[in-house]
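Remarks on the overall topology
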Amino acid sequence: MRRIAFVNEKGGTCKTTLCVNTAAWIATERGKRVLVADLDTQGHAGKALGVDVRGLTPTIRDVLLRDSLSVRDVARPTGVPGLDLLAANKELAGFPVEVAAFPDRADRLRRRLDEIPDGVWDAVLLDAPPSVSLVTENVLRAATEVVLPVGLTYLALDGCAEILASLETLQQETGRSPEITLVVPTLYRKTQLAAEILEKLRERFPGKLSAPLGFSVKIDEAQSHGRTIFEYAPRSTGALALAEIARAVWDRPAAP
Ligand SMILES: Nc1ncnc2c1ncn2[C@@H]1O[C@H](COP(=O)(O)OP(=O)(O)OP(=O)(O)O)[C@@H](O)[C@H]1O
Ligand SMILES: [Mg+2]
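Structural notes, computed from the coordinates. Counting restarts for each chain: residues are numbered from 1 in the order of the written sequence. Whichever chain is written first becomes A and whichever ligand is written first becomes 1, with later ones labelled in order. Restriction of local features to residues with pLDDT of at least 70 applies here, the model being predicted, together with a cutoff of 80 or more for giving and counting side-chain atom pairs; totals for whole chains, interfaces and linings are based on all residues.

1. Some points on the environment of Asp-52
We apply this condition: Here a helix means four or more residues in a row that DSSP labels H or I, a strand means two or more in a row labelled E, and each is numbered from the N terminus. Comment: burial labels come from other C-beta atoms within 10 Å of the residue's own C-beta, placed from the backbone, where a count of 20 or more is buried, 12 or fewer is exposed, and between is partly exposed.
On the secondary structure map, Asp-52 appears in the loop between α2 (44-48) and α3 (60-65). On the basis of neighbour count, Asp-52 is assigned to the exposed category, with 12 C-beta atoms found within 10 Å. Once the C-alpha coordinates of Asp-52 and Ala-106 are considered, the two residues, 54 residues apart in sequence, prove to be 28 Å apart.

Following this line, the structure appears as structure tokens:
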């Protein structure tokens, strides 16, 4: 089971959009069984998949806190065949305090994913929250591959430096860290500043940059209707761009 995390500690860089639509593409176009695990108290992955997560129980919080509930017990099907959801909502906000005394508090997600029997899902896609937090640490420890969406704005490179620092710390502490497999420039507009940031990203992540994801109102609309772009506007430029990125994420050699 591949474990692919969409991470950027900076908010609003299209993590959730990429996570949910990549998952839907892998399920639909590659015929794989995919789990989206939402690790964000905002619950946006669920909302983007048409699931009303307010007051929902059990959620990923229960998986992280209670060994008696397995990931399979809590995952629920979505409207996309082959795509399941481990939903989050604001109940997850208490997690860092609730596990403060547990020695394995940063490894709980990895441990619960390790327990999933082979053959249930081909991939789990993790939608990380926009924060440097215990939850993000759980995500980085659980993932083997990281997709890094970078909003092409002035402070974008700062966000990249933060992620690289987190991965470096993890490597030093545990002897392993996930590989950044793809960097996706998002919020793209054709400006001089965007071109300069793109050039810097190309230098810093050689061979790992995808085509940029431009602004597409259909992508935002799809999200607001709780549908994937492939259901809502399959022939839109946004759908073509997200399919191309999903292909770049999936059709690469699996991490060892
Ligand atoms: N290419 C796009 N064109 C237009 N709107 C987009 C595009 N990608 C994402 N959006 C919209 O931008 C908003 C933020 O996107 P998204 O939720 O994917 O970011 P995020 O990184 O997950 O945010 P957060 O850090 O809060 O979790 C959403 O309303 C989404 O619908
Ligand atoms: Mg998000």
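2. Examining the environment of Asp-40
Convention followed: Throughout, a pair of residues is in contact if the C-beta atoms placed from their backbones lie within 7 Å.
Mapped onto the elements, Asp-40 comes out in the loop between β2 (34-38) and α2. Setting aside residues up to four positions removed in sequence, Asp-40 forms contacts with Ala-88, Asp-127 and Pro-129.

3. Brief notes about the site of ligand 1
Inclusion rule: Nearness between a residue and a molecule or strand is assessed with a C-beta atom placed from the backbone; a distance within 6 Å qualifies. Gly is placed with the polar residues, together with every amino acid not listed as nonpolar (Ala, Val, Leu, Ile, Met, Phe, Trp, Tyr, Cys and Pro) or charged (Asp, Glu, Lys and Arg).
The environment of ligand 1 is formed by 18 residues, the closest being Gly-11, Lys-15, Thr-16, Thr-17 and Pro-130. For the shell around ligand 1, the secondary-structure elements that each account for two or more residues are α1 (15-29) and α10 (217-224). Grouping the constituent residues of the shell around ligand 1 by class yields five nonpolar, 10 polar and three charged.

4. So, the pairing of strand β1 (residues 2-6)
Here is the key point about a regular strand: its side chains alternate between the two faces of the sheet. Filter applied, for reference: In short, DSSP must find at least two bridges between two strands for them to pair.
Along β1, four of the five residues are buried, which leaves the element largely enclosed by surrounding structure. The sheet contact formed by β1 and strand β5 (residues 123-127) spans five bridges and is parallel. Note that in β5 the partner of Phe-6 across the bridge is Asp-127. Here β1 runs beside strand β6 (residues 145-151); their pairing, made up of three bridges, is parallel.

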